[in-house]
Number of protein chains: 2
Amino acid sequence: MSTPSVSPIDLARLRRSCADCSLAQLCLPAGIDRGDLGRLDELVKKRRPVARGDRLYRAGDPLGAVFVASEGSFKTVVVSESGEEHVLGFHLPGELFGLDAVGTGRHRCEAVALEDARVCELPFASLAQVAGQLPSLQRQLLRVMGQSADRDHDLVEVLSRRQACERIALFLQGLSDRYRRIGQPGEEFSLPMSREEIGRHLGLALETVSRGFSRLHEDGIIEVRGRRVRILDPQALRAQTQGCEADMARARARGGRA
Amino acid sequence: MSTPSVSPIDLARLRRSCADCSLAQLCLPAGIDRGDLGRLDELVKKRRPVARGDRLYRAGDPLGAVFVASEGSFKTVVVSESGEEHVLGFHLPGELFGLDAVGTGRHRCEAVALEDARVCELPFASLAQVAGQLPSLQRQLLRVMGQSADRDHDLVEVLSRRQACERIALFLQGLSDRYRRIGQPGEEFSLPMSREEIGRHLGLALETVSRGFSRLHEDGIIEVRGRRVRILDPQALRAQTQGCEADMARARARGGRA
DNA sequence: CGTCGACTTGACTAAAATCAAACCCGGTGG
DNA sequence: CCACCGGGTTTGATTTTAGTCAAGTCGACG
């Protein structure tokens, strides 16, 4: 599954419909019956290609559409007045983003492709309108917004950890779960983002991120080579998530419990 | 219970309707015409009293209702497996909370009254159902969910600040704005939460919070006595928000530097 | 007036930021 | 094929910052 060598056949299939999309169950269409899906299908601009570094929207832009990464990953970032940027989130295929404008009508952050990618684009106004007519879509839209809030929520949980290694472990854990959800191996994946971006996401210096990775490596919990990551001991990773004391506790308990 | 002296007249007025509520413009009814408001009115359990420390819901509870603080403040907290708690947010009168269950159908955090308070309670299922019939309510519901996400967003921004004093300044700034929005003076207010709770919100030790307040006090930016806060120099507070270098820059710009 | 809890302050310690230097690897061009 | 970039990454030494532990202080309330 390298970057798309887009044959005409592929192209045709790509534009087909949400119903045929491999991500459908993770995306907005989940739980919407095939009949109603047609309505949704009509409004989606499907699988538009986006080059690495391209911005889908900028802070201040009026709410136009929400997006689903269909191939490749994105980041959403806020740039503070002082110029430094914080990465609010990373968005893997099947994940919806761009909802940050729903509150005020204007985007608060900008969305950037981390690699050459594709997005599906849904004009928000039409989406909301159709949702008013299709209860199943409304339900799903609310759920998706909720899930998006849950992800922010997760980030808060990460950032509230004091120890750098906890944040990093939690970050890897989260990525692993999310990769697994989209049908890719959760134990081995390659990071679409740089150490610096991870740092800007976790509120850590990039060196600290690197050291964290190295530390987890030394401890035999993960294997890292550049952006390639393999999780060797998921349980231990989870333990790191709970802080080092918890880690100790686990080590102690190792004799007694499975 | 024994909160404010509730005369029969008050009681009658309190139960009246959303249309008459002083918070209506901040709350769900905003932008909904009077006719439709009746529909909403029917489902709201209005101004139920809640004692300090009471929980409106716990983590794991199924999504039943969303809440609006109508009097007094609340906090939402997540308790990690290791027992420590993090305060996700504080909720002032007119602010809606409890949406954290929309994504999964179960609450991820618990909501606790910080003081004797009152809440309006909206059964979520009915709300969603009525929203399907009233486009204006649907729009408003989406907007309110978006605003709630924006607040999470703000918290992320706070937590991503490295300097403790930046976090604290941003926190006070935010509170000030929010108090102003609900028609209370933004320059002088009293904190409904303890230093410890602020710490658990900002990811800081309570001592650090206290020191931060003291520092801002010394610098003549705020006045603090216990939970009473007055903002003396809003501009300087804003500067603190941007980090100490920005602060320095401002000091220099003041005309004359040592 | 004494007690208790919340808050402040101080001294010390642990952790991460910063500064600075190597290192590794994919790509380029000789 | 190999030398040589250059970005991203790792690692080391030092400094800064916030956490921790431990006294005190303040203030509300019985």
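Structure report, in brief. Nothing here was measured: the structure is a model prediction, and the numbers come from that model. (Residues numbered from 1 in each chain as written. Chains lettered and ligands numbered in written order. Predicted model: local features only at pLDDT ≥ 70, side-chain atom pairs only at ≥ 80, totals over all residues. Heavy atoms only, no water.)

**Some points on the protein's contact with DNA strand D**
Of all residues adjacent to DNA strand D, which total 19 residues, the nearest are R195 and S214 of chain A together with A164, T208 and R225 of chain B. When atoms of DNA strand D within 4 Å of the protein are split into backbone and base, the sugar-phosphate part holds 61%. Measuring from a phosphate oxygen of DNA strand D, one finds a backbone N or O atom of A164 of chain B at 2.5 Å. Those elements that place two or more of their residues in the surface near DNA strand D are α7 (206-218) of chain A together with α7 (206-218) of chain B. Examining the composition of the surface near DNA strand D, we find that 5 residues originate from one element, α7 of chain A, more than from any other. (Near = heavy atom within 4 Å. Polar contact = N/O pair within 3.5 Å; in protein donor to acceptor, adjacent residues only side chain to side chain. Helix = DSSP H or I, 4+ residues; strand = E, 2+ residues; numbered from the N terminus.)

**Some details on the packing of helix α5 (residues 164-181) of chain B against helix α8 (residues 234-241) of chain B**
All names here are of chain B. Relative orientation of the contacting elements α5 and α8 amounts to 135°, with a least axis distance of 7 Å. Taken together, α5 and α8 sit at an angle that is classed as oblique. α8 is crossed by α5, and the crossing has left-handed handedness. Between α5, through C165, E166, A169, L170, L172 and Q173, and α8, the contact on the second element is made entirely by P234, L237, R238, Q240 and T241. The residue inventory of the contact of α5 with α8, partitioned by class, reads 6 nonpolar, 3 polar and 2 charged. (Axes fitted to C-alpha atoms, helices over the stretch in contact; angles between N-to-C directions. Parallel < 35°, antiparallel > 145°, perpendicular 65-115°, else oblique. Left-handed = near helix turned anticlockwise from the far one by under 90°. Contact = heavy atoms within 4.5 Å. Nonpolar A, V, L, I, M, F, W, Y, C, P; charged D, E, K, R; others polar.)

**A look at the protein's contact with DNA strand C**
Contacts to DNA strand C come from 19 residues, most closely from A164, T208 and R225 of chain A together with R195 and S214 of chain B. Between DNA strand C and R211 of chain A, the relevant distance is 2.9 Å, taken from a base oxygen to a side-chain nitrogen or oxygen of the residue. In the environment of DNA strand C, a phosphate oxygen lies 2.5 Å from a nitrogen or oxygen atom belonging to the side chain of S214 of chain B. Take the surface near DNA strand C: its biggest share by element is 5 residues, from α7 of chain B. A breakdown of the residues in the surface near DNA strand C according to their chemical character gives 4 nonpolar, 6 polar and 9 charged.

**Considering the nonpolar core**
Among the nonpolar cores identified, the biggest contains 52 residues, and L40 of chain A together with L127 of chain B are the most heavily contacted of them. Setting aside residues up to four positions removed in sequence, L40 of chain A forms contacts with L28, P29, I32, L122, L127 and L137 of chain A. A117 of chain A together with Y57, A113 and L155 of chain B belong to the second largest nonpolar core, which has 36 residues in total. (Core = buried A, V, L, I, M, F, W, Y, C linked by side-chain atoms within 4.5 Å. Buried < 20%, exposed > 50% of the residue type's maximum accessible area, 1.4 Å probe, protein only.)

**Structural notes on the interface of chain B and chain A**
Chain B puts 39 residues into the contact, and the matching count from chain A is 39 residues. Carbon and sulfur atoms supply 55% of the area buried between chain B and chain A, which totals about 3,300 Å² over both sides. When residues of chain B are sorted by the area they lose upon contact with chain A, R108, L142 and H153 of chain B head the list and together hold 18% of the total. Residues D154 of chain A and R108 of chain B are paired through a salt bridge, measuring 2.7 Å at the closest nitrogen-oxygen approach. Counting the contacts that link chain B with chain A gives 6 residue pairs in polar contact (both at pLDDT 80 or more). (Buried area = accessible area lost by both parts, 1.4 Å probe. Salt bridge = Lys/Arg side-chain N within 4 Å of Asp/Glu carboxyl O.)

**Notes on the pairing of strand β5 (residues 85-91) of chain A**
Two faces make up the sheet, and in a regular strand the side chains alternate between them. All names here are of chain A. Counted residue by residue, β5 has 6 buried out of 7 residues, so it is predominantly covered. Bridge count between strand β4 (residues 74-79) and β5: 6 bridges; the pairing is antiparallel. Paired with F74 across the bridge in β5 is H91. The antiparallel hairpin formed by β4 and β5 contains 5 residues in its connecting segment, where G83 sits at a positive phi of about 95°. (Pairing = 2+ DSSP bridges.)

**Some thoughts on the sheet that holds strand β7 (residues 110-113) of chain B**
Residue and element names in this part refer to chain B. Here we have 4 strands laid out as an open sheet, ordered β2-β7-β4-β5, and antiparallel in their pairing. Because the sheet does not close on itself, it has two edges, and the strands there are β2 (55-57) and β5 (85-91). Ignoring which end each strand starts from, the neighbouring axes of this sheet average 30° apart. Against the sheet, helix α6 (residues 195-202) touches β4 (74-79) and β5, its axis set at about 100° to β5.

**Looking at the packing of helix α2 (residues 34-43) of chain A against helix α3 (residues 124-133) of chain A**
Helix-helix packing is characterised by the crossing angle of the two axes and by the distance between the axes. All names here are of chain A. The N-to-C vectors of α2 and α3 enclose an angle of 165°; their axes lie 10 Å apart at closest approach. The angle between α2 and α3 falls in the class roughly antiparallel. α2 and α3 meet at a crossing whose hand is right-handed. Residues R39, L40 and L43 of α2 touch α3, and the partners they reach there are S126, L127, V130 and Q133. Looking at side-chain class alone, the contact of α2 with α3 contains 4 nonpolar, 2 polar and 1 charged residues.

**A word on α7 of chain B**
All names here are of chain B. Between its terminal C-alpha atoms α7 stretches 18 Å, which fits the 18 Å expected from 13 residues at 1.5 Å a residue. Taken as a whole, α7 has its buried residues at V209, G212, F213 and L216. Looking straight down α7, one finds that the buried residues subtend no more than 95° of arc, so they occupy a single side. Among the exposed residues of α7, those oriented more than 90 degrees off its buried face are R211 and E218. (Expected span 1.5 Å × (residues − 1). Arc of directions from axis to C-beta.)

**Quick notes on the packing of aromatic side chains**
Residues and elements named next belong to chain A. Enumeration over the complete set of coordinates arrives at 10 aromatic pairs over all chains. For the pair F74 and F97, a centre-to-centre distance of 5.2 Å together with 35° between the ring planes defines the contact as tilted. Within this pair, whereas F74 is found in strand β4, its partner F97 is found in strand β6 (residues 96-97), the two being separated by 23 residues in sequence. Classification of F74 by relative accessible area gives buried; the value is 0%. With centroids separated by 4.9 Å and ring planes inclined at 25°, the aromatic side chains of Y179 and F189 adopt a geometry described as stacked. With Y179 in helix α5 (residues 164-181) and F189 in strand β9 (residues 188-190), this pair connects stretches of sequence that are 10 residues apart. Accessibility assignment for this pair places Y179 and F189 in one class, buried. (Phe/Tyr/Trp six-rings, centres within 6.5 Å; stacked < 30°, edge-to-face > 60°.)

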